[in-house]
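Here are the chains, one letter per residue:
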Amino acid sequence: MSSNLPSCVIEPLVESTNLFLNNNENFGLAFFADKHSYLIKKLDKHLEIKIFRNGIFILNKLTGHVYFQSVHNKEIKKLENFGMIFDKEIHLLKFTIEDPIKQIITKYSNYFAMISKSGNAYLFSLDNDLKQGLIPKYLFEDEKIVQIACGGVHVLYLTENNTLFGTGSDYDGSLSSYNEFGLFHGTTNEFGVLKCNVEALKGKKIKQIAATYNCSFALTVDNELYSCGSCTYAVNGQPKEMQNCLFFTKVKDNVELVIAGYFFAAIKTLNGEYYIFGYNNCNQFGRVDSDLMVGNKIYGTTTKLNTFNIHDIEQLECGGYHSIIVSKSNDVYFSGNSHCNVFPDCFEFTKIDFSKYITNWNNVQKSSKIKVETGYDFTLIYNENHKKNIFNFNNAYKISDITIHF
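All of these numbers come straight from a predicted model, not from anything done at the bench.

1. So, the overall build of the protein
- Along its length, the protein carries 3 helices and 30 strands.
- Per-residue burial over the protein gives 57% buried out of 406 residues.
- Of the roughly 18,300 Å² of accessible surface on the protein, 48% is carried by carbon and sulfur atoms.

Encoded structure:
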C-alpha cells in the first residue's frame, strides 16, 4: 500500500450504519451492480471520486495523481501492470506521477479512460485485446486530447484542433469511419485508432462528444447535434424509416447538452426542454406515451420527456437500463431496471430515500448540492458543499489604504 495516500475514508455502506455527516463534509455513496455499496468521505475538497465496475478511483486534482481501490477480489492481470491491484487496499497508480491526470472517464463496463494534463490519452479495455495504457500521440496526429467518450464497444477522442478519432467496433458506423460512398477505411495499429469522417461538421467546432452502446454524438458550439451508428435500438435519433448512419448526420438544432445511456439518450435544449429517444424497454424514462414509439423504441428526436416535471430537473443522467434525476430540491429519483440494492425496479421516476444510510440526510440536502454519476453497472451519489464563509466586519478597523499598480 502506498505511503502517500489521499485523505479520504472508504468503508462498506450498510443501512444499519446510521451515519451522521456534518454540514461541511464532502461525501460519495458508491453503489455497484453486484450489491457492494461504499461510503467515501473526502477530507480534502480537491479530491474527485470516479467509480468503475471493479473499483474506486480517487483523483487528486492538484497533483494529478490517481489512486485505486478494488471492490472485487477478481484479478485482471493486464490492469495490474498499471498498479490496479485487487487486494481491497488503496494503491497509487505510479504512471500518474510522471504524467499527472486531469480527467477520468468511466461509463460502461468495457472501457475506462484518462486524459493527462499534457493532453495524453490512456485507454483501458477489460473485454478485448486492444493494447492498454498510453496511446502514442502520433496516432492522433500529435494533437492533444481534450475529450474522451466511452461507449459500449467503442471510444471517441476529440483533439484540441477539433479532430475526431475513434477505436473499437465500427460495425454499424458508430465511429463514422466510412466515407460518403460507404467504404470503410479501417485501421492497422495495435491500439485500433482511426480517424473519423466528420465531413458533415466541416468548419464547425465540436463542444461535446458522447457515446451509447453502438452510436456516437457530436454537439457543435452552434448547438447542432450530429449522430452516427446503429438504428437497431433507435438511439441514433433518426426517423424510423432511416437505416444505420455510417457517418455523422445532423439530427437536431438548438441543443445544449446530450445525455447518453446504454441504448437510449436524452437531449436538453437551450430553452430547458428535454427530448428522449432510443430503447425504453425497462421504462428508463418511465411510462412514456409517444406516437413515435414502436414497441419499446422511441424514434426521432421530437418526443418530449413528459414523465417528470422538467422545470424541477436540476440534473438528468442516463445509465445502463435506468435514468436518475436530481430535482431542484436535491431529491433523487430513479426509473428503470434495478442494478444495485438501493434502487428497486421502477416503472416511473420514484424518489429514493437515503436517510436509511445517513440519519441527517435532510440537513445534508439543505447544506450542499447533490449530484449523480451513473453508468452500466454503478451509481455514485455525491455532494458539493456550497456553504459560504460568513465574515463579520462589525468590529473591523481600517489599517491602511493599499494601491496596486500593474
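2. Section: the pattern of salt bridges
- Scanning all chains against the criterion turns up 12 salt bridges.
- As a salt-bridge pair, glutamate 190 and lysine 131 come within 3.4 Å of each other at their nearest N and O atoms. One end of the pair, glutamate 190, is in the loop between β14 (164–168) and β15 (194–195); the other, lysine 131, is in the loop between β10 (121–125) and β11 (133–135), and 59 residues separate them in sequence.
- Judged by its relative accessible area of 41%, lysine 131 is partly exposed.
- Of the charged contacts in the structure, one is a salt bridge between glutamate 314 and lysine 328, with a shortest N-O distance of 3.6 Å. With a gap of 14 residues between them, glutamate 314 in strand β25 (residues 313–318) and lysine 328 in the loop between β26 (322–327) and β27 (332–336) connect regions that are remote in the sequence.
- The network of salt bridges with common partners includes Lys204, Glu224, Lys250 and Asp253.

3. Focus: the nonpolar core
- Grouped together as the largest cluster of nonpolar side chains are 24 residues, with contacts concentrated most on Phe27, Leu29, Phe31, Phe354, Ile358 and Ile381.
- Breaking this core down by element, the ones donating at least two residues are β2 (26–32), β26, β27, α3 (361–367) and β29 (368–374).
- A total of 3 residues in this core trace back to one element, the largest contributor, which is β2.

4. Things to note about the sheet that holds strand β4 (residues 47–52)
- Pairing in this open sheet of 4 strands is antiparallel, and the strands run β4-β5-β6-β7 from one edge to the other. The open sheet terminates on both sides in strands that have one partner only, identified here as β4 and β7 (90–92). Pairs of neighbouring strands in the sheet enclose a mean axial angle of 25°, with direction left out of account.

5. Remarks on the packing of aromatic side chains
- Per the counting criterion, the structure on display carries 33 aromatic pairs.
- Here phenylalanine 82 and phenylalanine 95 contribute two aromatic rings whose centre-to-centre distance is 6.2 Å and whose plane-to-plane angle is 85°, an arrangement assigned as edge-to-face. Of this pair, phenylalanine 82 sits in the loop between α1 (77–80) and β7 while phenylalanine 95 sits in helix α2 (residues 95–98), placing them 13 residues apart in sequence. Taken individually, phenylalanine 82 and phenylalanine 95 each receive the classification buried, so the pair is uniform in this respect.
- Taking the centre distance of 5.8 Å and the plane angle of 75° together, the rings of phenylalanine 308 and phenylalanine 349 count as edge-to-face. In this pair, phenylalanine 308 is assigned in the loop between β24 (297–298) and β25 and phenylalanine 349 in strand β28 (residues 346–351), connecting sequence segments 41 residues apart. The exposure classification of phenylalanine 308 matches that of phenylalanine 349, with both residues buried.
- Taken together through their ring pairs, the aromatic side chains of Phe52, Phe57, Phe68, Phe82, Phe95, Phe112, Tyr122 and Phe124 make up a single cluster.
- Above the face of the tyrosine 275 ring, lysine 252 is positioned so that its terminal group lies 4.2 Å from the ring centre.

About the cut-offs
Counting of residues starts from 1 at the beginning of each chain's written sequence and follows it residue by residue. Confidence filtering applies because this is a predicted model: local features only for residues at pLDDT of at least 70, side-chain atom pairs given and counted only at 80 or more, and all residues used for totals across whole chains, interfaces and linings. Note: side-chain values were computed over all heavy atoms of the structure, leaving out hydrogens and water. Helical segments are the DSSP runs of H or I of at least four residues, strand segments are the runs of E of at least two, and each set is numbered from the N terminus. Type-normalised accessible area, obtained with a 1.4 Å probe on protein chains alone, sets the label of each residue: buried when under 20%, exposed when over 50%, and partly exposed for intermediate values. All accessibility values rest on the Shrake-Rupley procedure with a 1.4 Å probe; residue burial counts only the protein chains present in the view. Take a side-chain nitrogen of Lys or Arg and a carboxyl oxygen of Asp or Glu: if they are within 4 Å of each other, that pair is a salt bridge. Buried Ala, Val, Leu, Ile, Met, Phe, Trp, Tyr and Cys residues that are joined via side-chain atoms within 4.5 Å together make up what is termed a nonpolar core. At least two DSSP bridges between two strands are needed for those strands to be called paired. Interaxial angle, 0 to 180 degrees, is taken between N-to-C directions of lines fitted to C-alpha atoms, where a helix line uses only the stretch in contact. Aromatic rings from Phe, Tyr and Trp, with only the six-membered ring used for Trp, were paired whenever their centres fell within 6.5 Å, and each pair was classed as stacked if the ring planes differed by under 30 degrees, edge-to-face if by over 60, and tilted otherwise. Placement of a charge over a ring requires the Lys NZ or Arg CZ to be within 6 Å of the ring centre, with the centre-to-atom vector within 35 degrees of the ring normal.

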